[in-house]
Amino acid sequence: MRELKVGDSAPNLVLETINGERAALADYWENSEILLIIFLRHLG
Amino acid sequence: MQLHRHKDEFISYDTNVVFIAFSAGALARNWLQETGISFSILIDQERIAYNAFQLDRSLLRSWGPKTWLAYARLMLKGHRWRGIQDDSTQLGGDFLIDRQGKILFTLRSRDPSHRPSVEKLLQLVSDHHRNRET
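None of these values were measured; they are calculated from a predicted model.

Chemist: What is the right way to look at the overall build of chain A in this model?
Modeler: Across its full length, chain A holds 1 helix and 3 strands. Going from the N terminus to the C terminus, chain A shows its helices and strands as β-β-α-β. Along the first, second and third principal axes, the C-alpha set of chain A runs to 35 × 30 × 20 Å. Counting over 44 residues, chain A shows a buried share of 61%. By element, 43% of the accessible surface of chain A is carried by carbon and sulfur atoms, the whole surface being about 2200 Å². Treating the 4 positive side-chain charges of chain A as one cloud and the 7 negative ones as another, the clouds have centres 11 Å apart.

Below, the structure is given as structure tokens:
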């Protein structure tokens with residue numbers, strides 16, 4: 001699989017909110033100039 | 001959490017912040033309560049997004065000296081040890097994405113303590129904001 005790099009399109013995935021609702025990542029990036037996504041690791 | 005203290009600055013650059021967790025919803029809710037953060041959090045128990053964004057898993061790199069040092073620093077600051085929860089080998093990452101869905105910045109963590117500073121992230125969003133205005 002080719003590495004995702006700067007300039008590539010981000011994968012638009014549908015995940016669940018903490019309340020169990022479905023949410024697409026695109027809904028977040030389309031609603032602001034920039035979206036910062038932080039994938040948690042065990043240090044938080 | 002340091003990021004939370006700079007929430008207003010991110011807002012001023014029209015930057016939305018979303019956390020993605022692979023823990024079950026209850027664990028994620030506990031984490032939100034403990035940290036007191038008010039950013040959005042999405043649950044990815046099947047790690048669809050972790051895989052799509054190509055984030056590694058590594059036992060060796062997850063529990064190296066840098067991780068122990070980071071935990072020691074947190075505990076010295078008064079944080080409570082929560083024990084091992086879920087898969088401690090899963091590494092994280094940080095991504096900036098523009099309104100069109102283009103990736104502006106990537107950092108895939110080499111170990112759990114490897115992450116961009118808040119200052120670096122603010123500089124990147126500030127630069128992007130300025131470039132759009134000119």
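Chemist: What's the story with the environment of alanine 26 of chain A in this structure? I'm lost.
Modeler: All names here are of chain A. On the secondary structure map, alanine 26 appears in helix H1 (residues 25-29). Residue classification places alanine 26 among the buried residues on the basis of a relative accessible area of 7%. Distance in space between the C-alpha atoms of alanine 26 and valine 14 is 8.7 Å, their sequence separation being 12 residues.

Chemist: Explanation requested: the pairing of strand E3 (residues 93-98) of chain B in the structure shown.
Modeler: The side chains of a regular strand alternate between both faces of the sheet. The buried count for E3 of chain B comes to 6 of 6 residues, which makes it a mostly enclosed element. As judged from the 6 bridges shared by strand E3 (residues 34-39) of chain A and E3 of chain B, these two strands associate in the antiparallel manner. Along E3 of chain B, the bridge assignment pairs isoleucine 37 of chain A with phenylalanine 95 of chain B. As defined by bridge partners, E3 of chain B adjoins strand E4 (residues 103-108) of chain B across 5 bridges and the pair is classed as antiparallel. Each bridged residue has a counterpart across the sheet, and for leucine 96 of chain B the counterpart in E4 of chain B is phenylalanine 105 of chain B. The turn joining E3 of chain B and E4 of chain B, which pair antiparallel and follow one another in sequence, is formed by 4 residues; a positive phi near 90 degrees is taken by glycine 101 of chain B.

Chemist: Help me understand the sheet that holds strand E2 (residues 22-24) of chain A, please; the structure alone is not making it clear to me.
Modeler: Across a sheet, paired strands are connected by hydrogen bonds in the backbone, their directions being either parallel or antiparallel. On the basis of which strands lie adjacent, the open sheet formed by 7 strands has the order E2(A)-E1(A)-E2(B)-E1(B)-E3(A)-E3(B)-E4(B) and mixed pairing. Two strands bound the open sheet, and with one partner strand each, they are E2 of chain A together with E4 of chain B. Geometrically, the sheet is characterised by an average inter-axis angle of 30 degrees between neighbouring strands, direction not taken into account. Bridge count for E3 of chain A against strand E1 (residues 15-21) of chain B is 6 bridges, and the pairing is parallel. Paired with phenylalanine 39 of chain A across the bridge in E1 of chain B is isoleucine 20 of chain B.

Conventions we followed
- Residues numbered from 1 in each chain as written.
- Chains lettered and ligands numbered in written order.
- Predicted model: local features only at pLDDT ≥ 70, side-chain atom pairs only at ≥ 80, totals over all residues.
- Heavy atoms only, no water.
- Helix = DSSP H or I, 4+ residues; strand = E, 2+ residues; numbered from the N terminus.
- Buried < 20%, exposed > 50% of the residue type's maximum accessible area, 1.4 Å probe, protein only.
- Areas by Shrake-Rupley, 256 points an atom, 1.4 Å probe, with all protein chains shown as cover.
- Lys, Arg positive; Asp, Glu negative; His and termini not counted.
- Charge placed at Lys NZ, Arg CZ, Asp CG, Glu CD.
- Pairing = 2+ DSSP bridges.
- Axes fitted to C-alpha atoms, helices over the stretch in contact; angles between N-to-C directions.

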